[in-house]
Amino acid sequence: MLAEIRKFFADRSVLEVETPLLGHCIGTDPQLDFFTADYWLPPRRQTLFLQTSPEFAMKRLLAAGSGSIYQIGKAFRNGESGRFHNPEFTMLEWYRVGFTLPQLMDEIAELIEGLFSGKPLKETRRVSYQDVFVSFTGLDPLIFSYQDYCAFARECELSEAVGICGQDHALWLDFIFSHKVQPHLGENALCMVYGYPACQSSLAKINEDNPQIVERVELFINGIELGNGYYELTDAEEQSRRFDKELAIRHLHKQPSAVKDQRLIAALQSGLPECSGVAVGLDRLLMLLSDSASIDNVLSFSIRSA
Amino acid sequence: MAVYSTNEFKAGLKVMLDNDPCAIIENEFVKPGKGQAFNRVKIRNLKTGRVIERTFKSGESLEGADVVDVEMQYLYNDGQFRHFMVPDTFEQYQTDEKIVGDAGKWLKDQDSCTVTLWNDVPLAISPSNFVDLAITETDPGVRGDTSGGGGKPAVLETGAVVRVPLFVQIGELIRVDTRTGEYVSRVKE
């Protein structure tokens, strides 16, 4: 699988890069918990972070003029362990300079369909978040109607959602999407869901025609989330604002505080080229290729025995 | 009682949910890459036996339930209560038919069974997987018929009714699988 991926990018003249796993800064996303490491250079002790994704470092390379790049490397996310999660996992991340999100989606489909050539997938499907959400739930994901969301949850015997989600629109979407939509996505096929609601924007650009949605895509096969891509946010100020907002949420929830990556902000200020990028979980891809029920089966040693 | 976080939920763990003692059957970690982590948990309510699914925000916790399975000897039925005893300590427990439920028809005096205690009160009774019981009533069989086909109903000493092969007679001891309620074999005394 790795050799095929490398050939895919070599054929397209995308440069393979390697960026540090240990860094001084870390993503501020309140949904991602990080590992810290103690860096000791006597007499100074510093806290470094194991990267939750190579995104920031790769964007700095893009801003420095690297052109299109890809990386296959480890990423670390604290507290994530389960049938589809291991706190240390392998990620393929690539950026295409000058690509719009639909262009990147074409390339994603080509790569994934190629990797599955031994056990072909059905035709790749592209659907907007709003359409797929409405079709499985009858609810509009872009407009938060507390009453309707609660009624739907009760109807599906998921009334605990009311207590968990409260008035948090994004949380409701996570809950309903992961319980009632995602399991149906990509039955033996690649399903790409695009046009995420703005409250789940992360590092994506806002759609030019509709400020309610962002240029973000998620990949699914057999209900398993495989990857996440954006038409990348290039606006340094907007990025800085989103970081501050996420730091405030972290503070509010008494989560460990993250360190805002000023070098990334500086790179954006100096100019990140218009580009699209995506990250794909290779362990999960391997699970699907090998019909494995658990991520443990495709790791040499999972976290329990590492 | 200890408190358990969603990360500690594993099959067999006994917890309190909605004021009822429950056993965890399955625990799946669900997390969108850029979203909230949940644990989708399959739980059996030990009072009703019903299995439900419930989602928790990862990191939430439940209080543990003081539920233990104890091997006991079934003593007798006094008409209102059934009585059980822990062989080692001679400690006795009594419980009514509502708790005994279906297990009742497999309980013979002196036989051992498993009593599930919640806060030291019987919550459920499970008979041994296999019990040996005498037949008290059945139609006379056809001599020489050893085939498995057909069969006939037989009433056992505890009142249970099972299907047995035609050659099995009144007074004989048979072994029954209590999980399926099916005849297994004849037993020599």
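Definitions and cut-offs
- Residues numbered from 1 in each chain as written.
- Chains lettered and ligands numbered in written order.
- Predicted model: local features only at pLDDT ≥ 70, side-chain atom pairs only at ≥ 80, totals over all residues.
- Heavy atoms only, no water.
- Helix = DSSP H or I, 4+ residues; strand = E, 2+ residues; numbered from the N terminus.
- Rg over C-alpha atoms; globule rule 2.2 N^0.38 Å.
- Buried < 20%, exposed > 50% of the residue type's maximum accessible area, 1.4 Å probe, protein only.
- Contact = heavy atoms within 4.5 Å.
- Lys, Arg positive; Asp, Glu negative; His and termini not counted.
- Charge placed at Lys NZ, Arg CZ, Asp CG, Glu CD.
- Arc of directions from axis to C-beta.
- Axes fitted to C-alpha atoms, helices over the stretch in contact; angles between N-to-C directions.
- Parallel < 35°, antiparallel > 145°, perpendicular 65-115°, else oblique.
- Left-handed = near helix turned anticlockwise from the far one by under 90°.
- Nonpolar A, V, L, I, M, F, W, Y, C, P; charged D, E, K, R; others polar.
- pLDDT = per-residue confidence, 0-100.
- Phe/Tyr/Trp six-rings, centres within 6.5 Å; stacked < 30°, edge-to-face > 60°.
- Lys NZ or Arg CZ within 6 Å of the ring centre and 35° of its normal.
- Pairing = 2+ DSSP bridges.
- Buried area = accessible area lost by both parts, 1.4 Å probe.
- Salt bridge = Lys/Arg side-chain N within 4 Å of Asp/Glu carboxyl O.
- Polar contact = N/O pair within 3.5 Å; in protein donor to acceptor, adjacent residues only side chain to side chain.

Asks: So what's going on with the overall build of chain A? Residues and values would help.
Replies: Broken down by element type, chain A carries 10 helices and 11 strands. Here the C-alpha radius of gyration of chain A, 19 Å, is about what a compact globule of 306 residues would show, namely 19 Å. Scored against the burial criterion, the 306 residues of chain A give a buried share of 54%. Of all intrachain contacts in chain A linking residues separated by at least 6 positions in sequence, the fraction that spans at least 24 positions is 68%. Here chain A holds 28 positive side-chain charges and 41 negative ones, and the gap between their average locations is 5 Å.

Asks: Describe helix α5 (residues 146-155) of chain A, naming the residues involved and giving the relevant values.
Replies: Residue and element names in this part refer to chain A. Regarding α5, the residues found buried are Y149, C150, F152 and A153. Down the axis of α5, the smallest arc covering the buried residues is 160°, so these residues share one side. Exposed and facing more than 90 degrees away from the buried side of α5 are Q147, R154 and E155. Considering only its buried residues, α5 is in contact with α4 (129-137), α6 (160-165) and α7 (169-181). E157 lies just past α5 and shows a positive phi near 55°.

Asks: Describe the packing of helix α2 (residues 55-63) of chain A against helix α9 (residues 262-271) of chain A, and please don't skip the residues or the numbers.
Replies: A packed helix pair is summarised by two numbers, namely the angle formed by the two axes and the spacing between the axes. All names here are of chain A. Contact pair α2 / α9: the axes reach a minimum separation of 9 Å and the direction vectors enclose 30°. Accordingly, the angle class assigned to the pair α2 and α9 is roughly parallel. In the packing of α2 onto α9, the handedness of the crossing is left-handed. Contact residues: F56, K59, R60 and A63 in α2; R263, L264, A267, S270 and G271 in α9. When the residues that make up the contact of α2 with α9 are grouped by side-chain class, the tally is four nonpolar, two polar and three charged.

Asks: I'd love a proper account of the confidence of the model for chain A, names of residues and values included.
Replies: On average, residues of chain A score 94 in pLDDT, and 100% of them are at 70 or above. Confidence, read as mean pLDDT per element, is least for helix α8 (residues 236-252) of chain A in chain A (90) and greatest for strand β1 (residues 15-16) of chain A (98).

Asks: I'd love a proper account of the packing of aromatic side chains, names of residues and values included.
Replies: Residues and elements named next belong to chain A. Tallied over the entire structure, the rule returns 18 aromatic pairs over all chains. Look at F144 and Y146: their rings are 6.4 Å apart centre to centre, the planes differ by 75°, and that puts the pair in the edge-to-face class. We classify Y146 as partly exposed; its relative accessible area is 27%. Through a chain of ring-to-ring contacts, three or more aromatic side chains come together here, namely Y129, F133, F177, Y196 and F220. The lysine or arginine in question, K205, covers the ring of Y231, its NZ or CZ lying 4.5 Å from the ring centre.

Asks: Describe the sheet that holds strand β9 (residues 92-95) of chain B, naming the residues involved and giving the relevant values.
Replies: Residues and elements named next belong to chain B. Strand order in this open sheet of five strands is β9-β8-β7-β10-β11, and the pairing throughout is antiparallel. Each edge of the sheet is formed by a strand with only one pairing partner; in this case those strands are β9 and β11 (121-127). Here the average twist between neighbouring strands, direction ignored, is 40°.

Asks: Any chance you could break down the interface of chain A and chain B for me, citing the residues and the numbers?
Replies: Listed as interface residues are 25 residues of chain A and, on the opposing side, 17 residues of chain B. Each partner contributes to the roughly 1,800 Å² buried at the junction of chain A and chain B, and carbon and sulfur atoms together form 53% of this total. Put simply, E160(A) and R40(B) hold a salt bridge, and the shortest N to O gap is 3.9 Å. One can count eight residue pairs in polar contact (both at pLDDT 80 or more) joining chain A with chain B. Secondary structure elements with two or more residues in the side of chain A that touches chain B: α6, α7 and β10 (224-231) of chain A. If one sorts the elements of the side of chain A that touches chain B by residue count, α7(A) sits on top with five residues. Tallied by class, residues from the side of chain A that touches chain B come to seven nonpolar, nine polar and nine charged.

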